[in-house]
Number of protein chains: 2
Amino acid sequence: MKSEHKDELKARRRNIALLVSYDGTNYNGFQRQNPPSVAVQNILEERLEKIFGDKIELTASGRTDAGVHALGQVVNFFTNGRIEIEKIPRAASSLLPKDIIVRAAWEADKNFSALHSAKSKIYVYKIQRGETLNPFTAKFAWHIRYPLDVEKMRAALNLIVGTHDFSAFKAENKTNMNPVRTIYAAEIFSSEEFAADILSIKIHASGFLYHMARNIVAAVVAVGRERLSVEEFRRIFDSRDRKLVPATAPACGLCLHEVFY
Amino acid sequence: MKSEHKDELKARRRNIALLVSYDGTNYNGFQRQNPPSVAVQNILEERLEKIFGDKIELTASGRTDAGVHALGQVVNFFTNGRIEIEKIPRAASSLLPKDIIVRAAWEADKNFSALHSAKSKIYVYKIQRGETLNPFTAKFAWHIRYPLDVEKMRAALNLIVGTHDFSAFKAENKTNMNPVRTIYAAEIFSSEEFAADILSIKIHASGFLYHMARNIVAAVVAVGRERLSVEEFRRIFDSRDRKLVPATAPACGLCLHEVFY
């Protein structure tokens, strides 16, 4: 009888997916941490458990580093909780801090995994240009005082589009991953946001190695300020040697914009 | 001799003006407060005293309320401190918290007063539209879920342009001020900023009564959500009766954009 009950519970378990935005400033990344360190996942699971009444273990499209933001992180979890799907975003908002937002919820196919079903992702990195820091964009952009040659940055970004070995842009201490990824688009554009002169670097790829987005930005910025020529950028990229790339760009400028399934 | 020394000191005192931006979220307004309450002025004066080596008393173009931001607040002060003008923004940045920025400094005429010489000001109020709060704009915009009719809001804003008695939009407890002001322009426009759908209300006026900008926004939003017709808005404005205007809009959406001299 007991195992029948378990089977029944399992049969009616739903696979729920959420679209989540967060300001990563005050969190030690997305992935669950041991207290007292607090990650976005700790807060989300704790609050979702109050809504669903059972133990929640989230699977995310990927981790984001400490201080990195998300506009469109996707997570999924299995639950026996009975709350109506449409009510989840509001119920979550009332329990979550202001810097974590559940934008949408839907019931996914039983086989859907936010991690394994992801086909590609867009990351956007924002730079605030100008002599003085803009206080409204300070948490969401890398402030750069020196002039940047946007056309040269665009030329460097064009070189990484396609399927390549991205070893030159991986994190130094991560060595045992397949370093081949496909970049579908790598764009740069200017805008005025909150009265700041913002330069955005948008990268759409099949996946990102650990620190890859921020290392690409660091090298592209080095090209923009003419510390590297476009030709030197190409040689570094071809060398697959992480040590040749300038220091990783600050986390605050990076945002996981969208995950495609 | 002593008074001659004083005269000499006075003669070489400079009148220094600063252009200041701040994120007002964590401050109890601009105007100096008694501790433990902290205003932007407390922090600025304390840090400027370290740079100039004498007692600094700032005069600002006007106070801003608790939680209100500034892109272009202007202040001035008299000092015997000898630091070169061009070095002030960087020197200040190194001492100030990240949410207060000295964007520019210049030596003003001895008769210049940031308060009394001001000819007009622009305030911008930002609204974030959409079902869910955007975490990147949450501190700098009023999140409104319900639909807003922008054309009706524009029609209401057109009614306040010109020289009028703004008693209907003043703070309830402030009664003894001349309530006549001139509005040179009152505009509304949409933009995408940090992936949020932002509606900005920009008001350029000879001056603003206490709470006037936020009370105008509250009434214009009531028109936008069709709680007031444009005709009712006009009647309230003409009535000069503060009690007819909806509750003051939240401070977080408001920013002192520019002061003209």
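Residues numbered from 1 in each chain as written. Chains lettered and ligands numbered in written order. Predicted model: local features only at pLDDT ≥ 70, side-chain atom pairs only at ≥ 80, totals over all residues. Heavy atoms only, no water.

Undergrad: How should I be thinking about the pairing of strand β3 (residues 69-79) of chain A in this particular structure?
TA: Residue and element names in this part refer to chain A. Of all 11 residues making up β3, 10 are buried, and the element is well covered by its neighbours. Across 8 bridges, the pairing between strand β1 (residues 14-22) and β3 is antiparallel. Residue I16 lies in a different strand from β3, and its bridge partner there is F77. Examined bridge by bridge, strand β2 (residues 59-60) and β3 share 2 bridges and lie antiparallel to one another. (Buried < 20%, exposed > 50% of the residue type's maximum accessible area, 1.4 Å probe, protein only. Helix = DSSP H or I, 4+ residues; strand = E, 2+ residues; numbered from the N terminus. Pairing = 2+ DSSP bridges.)

Undergrad: Looking at this structure, how should I read the interface of chain B and chain A?
TA: Accessible area lost on assembly of the parts is the figure often given for the size of an interface. Residue-level contacts link 31 residues of chain B with 30 residues of chain A. With both chains or domains summed, chain B and chain A bury close to 2,400 Å², and 71% of this area falls on carbon and sulfur atoms. It is P135(B), F136(B) and F194(B) in chain B that bury the most area against chain A; as a group they hold 29% of the surface buried on that side. Between chain B and chain A we count 2 salt bridges in total. With a closest N to O distance of 3.4 Å, R90(B) and E131(A) form a salt bridge. Linking chain B to chain A there are 4 residue pairs in polar contact (both at pLDDT 80 or more). By residue class, the composition of the side of chain B that touches chain A is 14 nonpolar, 6 polar and 11 charged. (Contact = heavy atoms within 4.5 Å. Buried area = accessible area lost by both parts, 1.4 Å probe. Salt bridge = Lys/Arg side-chain N within 4 Å of Asp/Glu carboxyl O. Polar contact = N/O pair within 3.5 Å; in protein donor to acceptor, adjacent residues only side chain to side chain. Nonpolar A, V, L, I, M, F, W, Y, C, P; charged D, E, K, R; others polar.)

Undergrad: Just to check I follow, could you spell out the confidence of the model for chain A for this structure?
TA: The predicted coordinates of low-pLDDT regions are not to be read in fine detail. Across chain A, the average pLDDT comes to 93, with 97% of residues at 70 or higher. Two summary scores accompany this predicted model of the complex, namely pTM at 0.89 and ipTM at 0.82. (pLDDT = per-residue confidence, 0-100.)

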